[in-house]
Amino acid sequence: MTESAAAGGSAKEPGDRGRTSISDGVVEKIAGLAAREVVGVHAMGSGSGLSRTFGAVRDRVPGGGKAAVSRGVKAEVGELQTALDLEIVVDYGVSIRAVARAVRENVISAVERMTGLEVVEVNIAVTDVKLPDEPDEEPETRLQ
């Protein structure tokens with residue numbers, strides 16, 4: 001053993017020994033939560049009310065598919081970078097550009113802070129507008 005190795009000069013620090021991988025699903029959940037925090041985002045996912053209703057029912061059934069928190073979010077995660085696609089439904093009357101910008105900023109901040117990955121792009125598809133007189137299509141569950 002050399003003196004520098006014995007003194008810790010060339011040995012890796014304990015925190016640098018090994019590899020950390022982050023799954024697509026983890027990034028999708030972080031992005032989904034961050035997007036929902038933005039005022040003007042009514043829902044995530046496809047724009048059709050019927051699709052949102054079925055999605056809400058599916059989310060309540062154990063093993064029914066993707067968790068509600070990551071619905072409408074698709075992530076591609078590499079070693080150092082990630083790219084995201086989001087589908088959002090906005091409230092009527094908001095500036096879609098302003099909401100999309102705020103969503104991008106919030107998602108990038110949360111994902112980069114929590115994962116250390118560089119977010120190279122956040123593509124946003126606005127799939128519907130929630131009108132004030134439209135009822136929420138989230139059905140009440142019959143299960144207690």
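Positions within a chain are numbered from 1, following the residues in the order the chain's sequence is written. Since the coordinates come from a predicted model, pLDDT governs what is reported: local features require at least 70, and pairs of side-chain atoms require 80 or more to be given and counted, while whole-chain, interface and lining totals use all residues. Each side-chain value is worked out from all heavy atoms of the structure, with water and hydrogens disregarded.

### Focus on helix 2 (residues 24–36)
Residue pairs spaced three or four apart in an α-helix point in one direction, given the helix's 3.6 residues per turn.
Okay, so step 1: To qualify as a helix, a DSSP run of H or I must reach at least 4 residues; to qualify as a strand, a run of E must reach at least 2; elements of each kind are numbered from the N terminus. Given the number of residues in a helix, its expected span is that number minus one, multiplied by 1.5 Å. An ideal rise of 1.5 Å per residue puts 18 Å on 13 residues; helix 2 measures up with 18 Å between its terminal C-alpha atoms.
Okay, so step 2: Those residues of helix 2 not exposed but buried are Val27, Glu28, Ile30, Ala31, Gly32, Ala34 and Ala35. Categorising residues by exposure relies on relative accessible area from a 1.4 Å probe, with only protein chains included: less than 20% of the type maximum marks a residue as buried, more than 50% marks it as exposed, and the intermediate range marks it as partly exposed.

### Description of the pattern of salt bridges
Okay, so step 1: Salt bridges are identified by distance alone: a Lys or Arg side-chain nitrogen within 4 Å of an Asp or Glu carboxyl oxygen. Counted under the stated rule, the structure contains two salt bridges.
Okay, so step 2: Between Arg19 and Glu79 there is a salt bridge; the shortest N-O distance is 3.1 Å. One end of the pair, Arg19, is in the loop between helix 1 (3–6) and helix 2; the other, Glu79, is in the loop between strand 2 (73–77) and strand 3 (81–91), with 60 residues separating them in the sequence.
Okay, so step 3: Look at Arg19 and you get exposed, because its relative accessible area is 65%.
Okay, so step 4: A salt bridge links Glu105 to Arg101, with the shortest nitrogen-to-oxygen separation between them at 3.4 Å. With a gap of four residues between them, Glu105 and Arg101 both fall in helix 4 (residues 96–115), about one helical turn apart.

### Some remarks on the nonpolar core
Okay, so step 1: In this structure, Leu84, Leu86, Val103, Val107 and Val111 are the most contacted members of the largest nonpolar core, which totals 24 residues.
Okay, so step 2: Only helix 2, strand 1 (41–44), strand 2, strand 3, helix 4 and strand 4 (118–130) provide two or more residues apiece to this core.
Okay, so step 3: Once you skip the residues sitting within four places of it in the chain, Val107 turns out to touch Ala31, Ala34, Ala35, Leu84, Leu86 and Val122. Buried Ala, Val, Leu, Ile, Met, Phe, Trp, Tyr and Cys residues form a nonpolar core when they are joined through side-chain atoms within 4.5 Å. Note on definitions: a residue-residue contact is assigned when non-hydrogen atoms from the two residues lie within 4.5 Å.

### A few points about the confidence of the model for the chain
Okay, so step 1: Along the chain, pLDDT gives the predictor's confidence residue by residue, from 0 to 100. Looking at the chain, pLDDT values average 83 and 73% of them are 70 or higher.
Okay, so step 2: Within the chain, the lowest mean pLDDT, 50, falls on helix 1, and the highest, 98, falls on helix 4.
Okay, so step 3: Under a pLDDT of 50 for its full length, residues 139–144 has, in the predicted model, five contacts with residues more than four places off or in other chains.

### Re the side chain of Lys130
Okay, so step 1: Within the fold, Lys130 resides in strand 4.
Okay, so step 2: Those residues in contact with Lys130 that lie beyond four places of it in its chain are His42, Val89, Val90, Asp91, Tyr92, Pro135 and Asp136.

### Thoughts on the pairing of strand 4
As a general feature of sheets, a regular strand has side chains that alternate between the two faces.
Okay, so step 1: Relative to strand 4, strand 3 is paired through 11 bridges, and the arrangement is parallel. When the sheet's bridge partners are listed, Ile88 is paired in strand 4 with Val126.
Okay, so step 2: For a crossover, the right-handed case is the one in which the path from the first strand over the helix to the second runs clockwise, viewed with the strands pointing away from the viewer. Traced from strand 3 through helix 4 to strand 4, the parallel crossover comes out right-handed. At least two bridges found by DSSP between two strands are what make those strands a pair.

### Let's talk about a negative patch on the surface
Okay, so step 1: The grouping of Asp24, Glu76, Asp85, Glu87 and Glu121 at the surface amounts to a negative patch.
Okay, so step 2: Tracing the chain through its elements places Glu76 in strand 2.
Okay, so step 3: On the accessibility criterion, Glu76 (55% relative accessible area) is exposed. Nonpolar side chains (Val, Leu, Ile, Met, Phe, Trp, Tyr) within 5 Å and like charges within 9 Å form the patches, drawn only from residues with over 30% relative accessible area and no salt bridge. For accessible areas, the Shrake-Rupley method is used with a probe of radius 1.4 Å. Any residue's cover is judged against the shown protein chains and nothing else. Asp and Glu are treated as the negative residues and Lys and Arg as the positive ones, with His and the ends of the chain left uncounted. By convention, the point assigned to a charge is CZ for Arg, NZ for Lys, CD for Glu and CG for Asp.

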